[in-house]
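# Secondary and tertiary structure notes
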Protein chains: 2
Amino acid sequence: MEWIRELLEENVALADEEWQAFSNLLEEESFSAKSEIVAEGQIARKIYFIDEGLLRTYHIQKGKEINTYFATDKQVISTFASIITQSPSFEYLEVIEDSTVYSLQYSGLMSLYQQYSSFEQFGRILAEKNYLCILDRTILMQTKTAKEKYTDFIKTYNKKIIQRVPQHHIASFLGIAPESLSRIRKEIVS
Amino acid sequence: MEWIRELLEENVALADEEWQAFSNLLEEESFSAKSEIVAEGQIARKIYFIDEGLLRTYHIQKGKEINTYFATDKQVISTFASIITQSPSFEYLEVIEDSTVYSLQYSGLMSLYQQYSSFEQFGRILAEKNYLCILDRTILMQTKTAKEKYTDFIKTYNKKIIQRVPQHHIASFLGIAPESLSRIRKEIVS
């Protein structure tokens, strides 16, 4: 799980003792494809560091699934709003491909926040990044054409996600019809 | 400026020494109505604690102003994305009514983050609240009717903002036409 330390250290410097305290709280878990880790209405308790696999968050809007985030190997995912407020989630966290993860209880992270200012700093940077991520997404959805959305997506998203996430999920993430996405992909290839 | 300490202490407990360090960094400034404090393309440097007045943030989309936030007496405002990334702002910060504020340089806040873990915690909670605020707004914009948006707005927003922000700014904030807003307000009154 050394990659998790590297991921944290992209944001904050950690002493060995701090990493030890953090890694002691991680629990290895495996989920098969289609597992629902968090459902709408549940209070989310954990953050997931994905060792191998593919997950998504989505919510239901007017009867349709709207994807909001994908994460794959060596990335992090959670239903962040429910985690930080400890109130019922408006969104789902679902496994797309069989996945092995290291999970961290948010209560454990909160106690690390109190013990070590490095983790408090990590929490701040994580919250700031989540803020920027949702802001980017909101502006993208409001201002770009379907083709611009897709070209932006393939430029900025992790290659594994582009290759492994089913096309209908990408269409729902970008807020465009599956047929439009398929037409756009043909245009780009030709 | 004691109200600023109270505002901070809604989120974190502060020792006298910490409050002293913070308040030493505050600078009193006055702006007249229509002043543009941050323009698109500028890098924002300061956070504003409004002693008295009314400000808004907005961005230009397809030639139209889209309001994204209002703040009044004893509230905080900034162009947060530009502040935390220290990159050019996509949005404007403008004064609606003559305002007196206490401004705080972000560089000063960053140095407080490093010196005191209470401020790091404050930064985390601030970023989390901003995340939840934009998430709520995004979901509101996607799922509610014009009438629901307005009734939500008058339920959740500060009374002073509802009374003092010009109607056309509220319409732009809610993403509805000014004529629709005027019709909805008549319906609600009758």
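In what follows, the accompanying structure is described. (Residues numbered from 1 in each chain as written. Chains lettered and ligands numbered in written order. Predicted model: local features only at pLDDT ≥ 70, side-chain atom pairs only at ≥ 80, totals over all residues. Heavy atoms only, no water.)

In summary, the two copies of the chain are related to each other by a rotation about an axis coupled with a shift along it. Laying chain A over chain B is done by rotating through 180° and shifting 0.0 Å along the axis; what remains is an RMSD of 0.0 Å. Between the two chains, the operation in question is that of a two-fold axis. Nearest to the rotation axis, the C-alpha of Arg124(A) is located 1.9 Å from it, this being the minimum over chain A. Counting the interface residues of chain A, we find that 100% of their copies in chain B are interface residues as well, pointing to one common contact surface. (Least-squares fit on C-alpha atoms with pLDDT ≥ 70 in both. Contact = heavy atoms within 4.5 Å.)

As a further point, take helix 6 (residues 146-156) of chain B. All names here are of chain B. Those residues of helix 6 lying buried are Lys149, Tyr150 and Phe153. Down the axis of helix 6, the sector holding all buried residues measures 95°, keeping them to one side. In helix 6, the exposed residues that point more than 90 degrees away from the buried face are Lys155 and Thr156. Buried-residue contacts for helix 6 involve helix 5 (117-143), helix 7 (159-164), helix 8 (167-174) and helix 9 (178-189). (Buried < 20%, exposed > 50% of the residue type's maximum accessible area, 1.4 Å probe, protein only. Helix = DSSP H or I, 4+ residues; strand = E, 2+ residues; numbered from the N terminus. Arc of directions from axis to C-beta.)

This part is about the interface of chain A and chain B. With 27 residues of chain A in contact, the opposing surface of chain B contributes 27 residues. Contact between chain A and chain B buries roughly 2500 Å² in total, counting both sides, with carbon and sulfur atoms accounting for 69%. At the junction of chain A and chain B, the tally comes to 3 residue pairs in polar contact (both at pLDDT 80 or more). Broken down by secondary-structure element, the contributors of at least two residues to the side of chain A that touches chain B are strand 3 (46-61), helix 3 (80-85), helix 4 (106-115) and helix 5 (117-143) of chain A. Take the side of chain A that touches chain B: its biggest share by element is 16 residues, from helix 5 of chain A. Partitioned by chemical class, the residues of the side of chain A that touches chain B number 13 nonpolar, 10 polar and 4 charged. (Buried area = accessible area lost by both parts, 1.4 Å probe. Polar contact = N/O pair within 3.5 Å; in protein donor to acceptor, adjacent residues only side chain to side chain. Nonpolar A, V, L, I, M, F, W, Y, C, P; charged D, E, K, R; others polar.)

Turning to the nonpolar core, a few remarks are in order. Side chains that are nonpolar tend, in soluble globular proteins, to be buried together. Of all hydrophobic cores here, the largest spans 84 residues; its most connected members are Ile4(A), Phe22(A), Phe49(A), Ile4(B), Phe22(B) and Phe49(B). Aside from chain neighbours lying at most four places away, what touches Ile4(A) is Trp19(A), Phe22(A), Leu26(A), Phe49(A) and Tyr102(A). (Core = buried A, V, L, I, M, F, W, Y, C linked by side-chain atoms within 4.5 Å.)

A word on the environment of Ile84(A). Considering the arrangement of structural elements, one finds Ile84(A) in helix 3. With a relative accessible area of 15%, Ile84(A) lands in the buried category. Expressed as a C-alpha distance, the spacing of Ile84(A) and Ala127(A), which sit 43 residues apart in the sequence, is 9.4 Å. Each residue touching Ile84(A), except ones within four places of it in the same chain, is listed here: Tyr106(A), Glu128(B), Tyr131(B) and Leu132(B).

The values reported here are purely geometric and, on their own, carry no functional implication.
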